[in-house]
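# Descriptive analysis of the structure
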Amino acid sequence: MTDKHITLIGAGLVGSLTAVFLAKRGFTVDVYERRPDMRKENISAGRSINLALANRGIHPLEKAGLMDDVWPMLTTMKGRMIHDKTGQCHLQPYGQRPEEVIYSVPRADLNKLCMTAAEQHGNVTIHFNHKCNRVDFENNTVELEDTLTNTVFEKPFTRIIGTDGSASSVREAIHERTSSHNFVEPLGHGYKELTIPRGQQNKFQIEEQALHIWPRGGFMVIALPNKDGSFTVTLFMPNEGPVSFSEINNEQKLKDFFAQEFPDALPLLPNLVEEYFENPTGNLATVRCKPWHYQDKAIIIGDAAHAIVPFHGQGMNCGFEDAWELTQQIDQHGDEWIRIFSNTDSQRYTNGNAIADMAIENYIEMRDSVNDPVFRLKKELSFELEKRWPTLFIPRYSMVMFHRLPYSEAQARGKIQQEILSQLVEDKTQVEQVDFKLAEKLIHDKLSEFVFTH
Ligand SMILES: Cc1cc2nc3c(=O)[nH]c(=O)nc-3n(C[C@H](O)[C@H](O)[C@H](O)COP(=O)(O)OP(=O)(O)OC[C@H]3O[C@@H](n4cnc5c(N)ncnc54)[C@H](O)[C@@H]3O)c2cc1C
């Protein structure tokens, strides 16, 4: 094992992109992936068929030289299409500039593209059907299991990067050797994927350029468009309780539930019953841990370090930012691995926590607040404040989705902005009634100049 050799565990989205960056820098990389090669076998891509890709994820893909191939995969989503119980819809735009949109991307296609791009460099080998059971930092070996033959063997490593997702084996090994914290916080809510098939002549049956939401307080349905005219639909609801996966447990209850709560979605879901009972119910949890690295030997990034709930559509985007941060540290510090790992850890840790918090808050916003008149007034006002003071006030959603300032800064600024908005809308029902002199004073007093990172 030379210093130019990296062992990478997990060839998911973050692992494959990391392998591309490492390959471009001349590293020899052995990637161990427990699943079969999805380019050869028809396996599910895992959780969520499609994902929201935003600026933070696009930037590293650009740096890896992959965006030319990614653009054709994308479907633009300009805002949230809110469906109320009577079937009425209204669009809440995500931003106020033409470029302030997000994109739906098929997980499997993006993953395959990154894997192929990594392998094309010639110095990356992805060993499929190889599960990492254990990392031994005493002897610098990794215990691997060939899942086709059930053979278990050890491989030496010099440096290891854990991109093995939310149940990371590398995280466990790091935390066995450090007196640190490693928490998995279950949300108590799960999800189920359903499908709105494409319509006649391959047309979309509902507005194509939107992320559709049926918000219902304690639960919700969302739908993201796919290039082929279909939508991937996700039902999010509690695991237990009066409206829950455990309660809605037979065909009649399911049909009654959809007829009552999502009447306009029901006719669009011809396979509702089969999909609900045959598709797995996914679990949702937040992983918070520290440290993310062990000496100069190992680091975890992506969901392995910070699995978050999916309501800000940022898990992958954040993981791609981690991969780019690690790459920049390698570029700056050459073979000073202790610095590379500890800098990446300290740069990304608070950001991982910040987006984890904001993602949980966004669940409440998506399933509930979007229908609230005060929320809508604040949203309209925040666009107006951004128009008037664009270097000082940027709506939090926009800071997270359209800009690349650190998540922790978006969270801190967002908190102050929320206080300002609450003060300004008190007893108001329309933006025209807001005192903009007071707005100017509050914004100048409380918010520093925004540092743009484009
Ligand atoms: C319902 C849902 C919707 C989501 N929507 C969005 C979205 O819209 N936008 C967004 O940015 N993010 C979204 N996310 C989050 C996103 O899916 C994750 O953040 C992203 O997949 C993380 O990538 P990763 O490579 O770190 O981990 P993973 O995608 O989990 O990949 C880990 C890889 O490691 C492999 N592996 C695991 N254990 C081992 C082992 N012991 N040995 C070898 N290999 C192993 C796995 O097979 C897998 O290939 C969503 C998540 C969910 C659940």
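Residues numbered from 1 in each chain as written. Predicted model: local features only at pLDDT ≥ 70, side-chain atom pairs only at ≥ 80, totals over all residues. Heavy atoms only, no water.

Let's shift gears to the sheet that holds strand β4 (residues 75–77). Across the sheet, which stays open at both edges, the 3 strands sit in the order β3-β7-β4 with antiparallel pairing between neighbours. Of all strands in the sheet, those bounded by a partner on one side alone are β3 (50–53) and β4. Ignoring strand direction, the axes of neighbouring strands in this sheet form an average angle of 35°. Here β4 pairs with strand β7 (residues 102–106) via 3 bridges, running antiparallel. Counted as the bridge partner of T75 is S104 from β7. Along the sheet face, helix α9 (residues 315–333) touches β3 and β7 and points at about 60° away from the line of β3. (Pairing = 2+ DSSP bridges. Helix = DSSP H or I, 4+ residues; strand = E, 2+ residues; numbered from the N terminus. Axes fitted to C-alpha atoms, helices over the stretch in contact; angles between N-to-C directions. Contact = heavy atoms within 4.5 Å.)

Running from amino to carboxyl end, helix α10 (residues 337–367) crosses helix α13 (residues 407–425) at an angle of 50°, the nearest separation of the two axes being 7 Å. In terms of orientation, α10 and α13 fall into the oblique class. Handedness of the α10/α13 crossing: left-handed. Two secondary-structure elements touch here, α10 through R348, T350, N351, A354, I355, D357 and M358 and α13 through Y407, S408 and Q411. Of the residues belonging to the contact of α10 with α13, the class tally is 4 nonpolar, 4 polar and 2 charged. (Parallel < 35°, antiparallel > 145°, perpendicular 65-115°, else oblique. Left-handed = near helix turned anticlockwise from the far one by under 90°. Nonpolar A, V, L, I, M, F, W, Y, C, P; charged D, E, K, R; others polar.)

Frequently, the measure chosen for interface size is the accessible area removed from exposure when the parts meet. What the domain assignment lists for the protein is domain 1 (5–74 + 106–184 + 284–361), domain 2 (189–282) and domain 3 (372–446). Computed over C-alpha atoms, the centres of domain 1 and domain 2 are 30 Å apart. Across the contact, 12 residues belong to domain 1 and 12 residues belong to domain 2. Taking both partners together, domain 1 and domain 2 bury about 910 Å²; carbon and sulfur atoms supply 58% of that area. Scanning the region where domain 1 abuts domain 2 turns up 0 salt bridges. In this structure, the connection of domain 1 to domain 2 is made through 5 residue pairs in polar contact (both at pLDDT 80 or more). Taken together, the residues of the side of domain 1 that touches domain 2 break down into 9 nonpolar, 2 polar and 1 charged. (Domains from an automatic or database assignment. Buried area = accessible area lost by both parts, 1.4 Å probe. Salt bridge = Lys/Arg side-chain N within 4 Å of Asp/Glu carboxyl O. Polar contact = N/O pair within 3.5 Å; in protein donor to acceptor, adjacent residues only side chain to side chain.)

Turning next to the packing of helix α1 (residues 13–24) against helix α4 (residues 107–120). α4 packs onto α1 with a crossing angle of 25° between their chain directions and a minimal axis gap of 8 Å. Between α1 and α4, the interaxial angle falls into the category roughly parallel. For α1 against α4, the interelement crossing comes out left-handed. In this structure, α1 uses L13, S16, L17, A19, V20 and A23 to contact α4, whose residues at the interface are R107, L110, N111, C114, M115, A117 and A118. Its residues assigned to classes, the contact of α1 with α4 comprises 10 nonpolar, 2 polar and 1 charged.

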